[in-house]
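Structural description and commentary
Read off the chains here:
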Amino acid sequence: MIPRHLRISGFLSYRDPVELDFDSFDLACISGHNGAGKSSLLDAMTWVLFGEARGKSTDVINLNQDVKAAEVALTFAYEGNVFRVQRTLTRGKSTVLEFQIMDDGRDRGR
């Protein structure tokens, strides 16, 4: 799996929307002060794919009361295909999961 793009909003330490374009660099080092959100980036990828991160599933919503939902979208490449997974958890509601496969219009012999 090769990450291409990550969008986070209302998830753990990320109150405001943040986007990370993995295509814009070849190698990265995640660094920062305690509580800056380093682990939250990895937790976001785990949560969007598997529905689990640190703690209980409802604990992923940012603690700020203005935040109504946690939302993570991950676009990644795998075996020549591009996939997009988005998971949203609104306070007091169940999780919504979307899974998309990019169709580039090529005939794949189906």
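Before reading on, note that the structure itself is shown above.
In this report, the structure presented in the accompanying data block is examined. All chains use their own residue numbering, which begins from 1 and follows the written sequence. It should be noted that, the model being predicted, local features are given only for residues of pLDDT at least 70 and side-chain atom pairs only at 80 or more, the latter also being counted only at that level, while totals for whole chains, interfaces and linings use all residues. Computation of side-chain values: all heavy atoms of the structure, hydrogens and water removed.

1. Thoughts on the nonpolar core
In plain terms, the rule: Nonpolar cores were defined as sets of buried Ala, Val, Leu, Ile, Met, Phe, Trp, Tyr and Cys residues, with membership established by side-chain atoms within 4.5 Å. Note on classification: 1.4 Å probe, protein chains only; a residue is buried when its accessible area is under 20% of the maximum for its type, exposed when over 50%, partly exposed between these limits. Segments assigned H or I by DSSP are reported as helices when at least four residues long, segments assigned E as strands when at least two residues long, and all are numbered from the N terminus.
The biggest cluster of nonpolar side chains holds 21 residues, and the ones touching the most others in it are Leu6, Ile8, Phe11, Trp47 and Val72. Elements with a contribution of two residues or more to this core: β1 (2-9), α1 (38-50), β3 (69-78) and β4 (81-90). When residues of this core are assigned to their parent elements, the largest contribution, five residues, is made by α1.

2. So, the packing of aromatic side chains
As a reminder of what qualifies: By convention, a stacked pair of Phe, Tyr or Trp rings (six-membered ring in the case of Trp) has centres within 6.5 Å and planes under 30 degrees apart, an edge-to-face pair has planes over 60 apart, and any other such pair is tilted.
Here the structure, examined in full by the defined rule, presents four aromatic pairs. Both rings, one in Phe11 and one in Trp47, keep their centres 5.3 Å apart while their planes meet at 40 degrees; by these two values the pair is tilted. Taken together, the positions of Phe11 in the loop between β1 and β2 (18-21) and Trp47 in helix α1 put the pair 36 residues apart, joining distant regions of the chain. Comparing Phe11 with Trp47, the two get one shared label, buried. Aromatic pair Phe76 and Phe83: ring centres 5.4 Å apart, planes at 25 degrees, arrangement stacked. The residues Phe76 and Phe83 share a single accessibility class, namely buried. An aromatic cluster is present here, built from Phe76, Phe83 and Phe99 joined pairwise through their rings.

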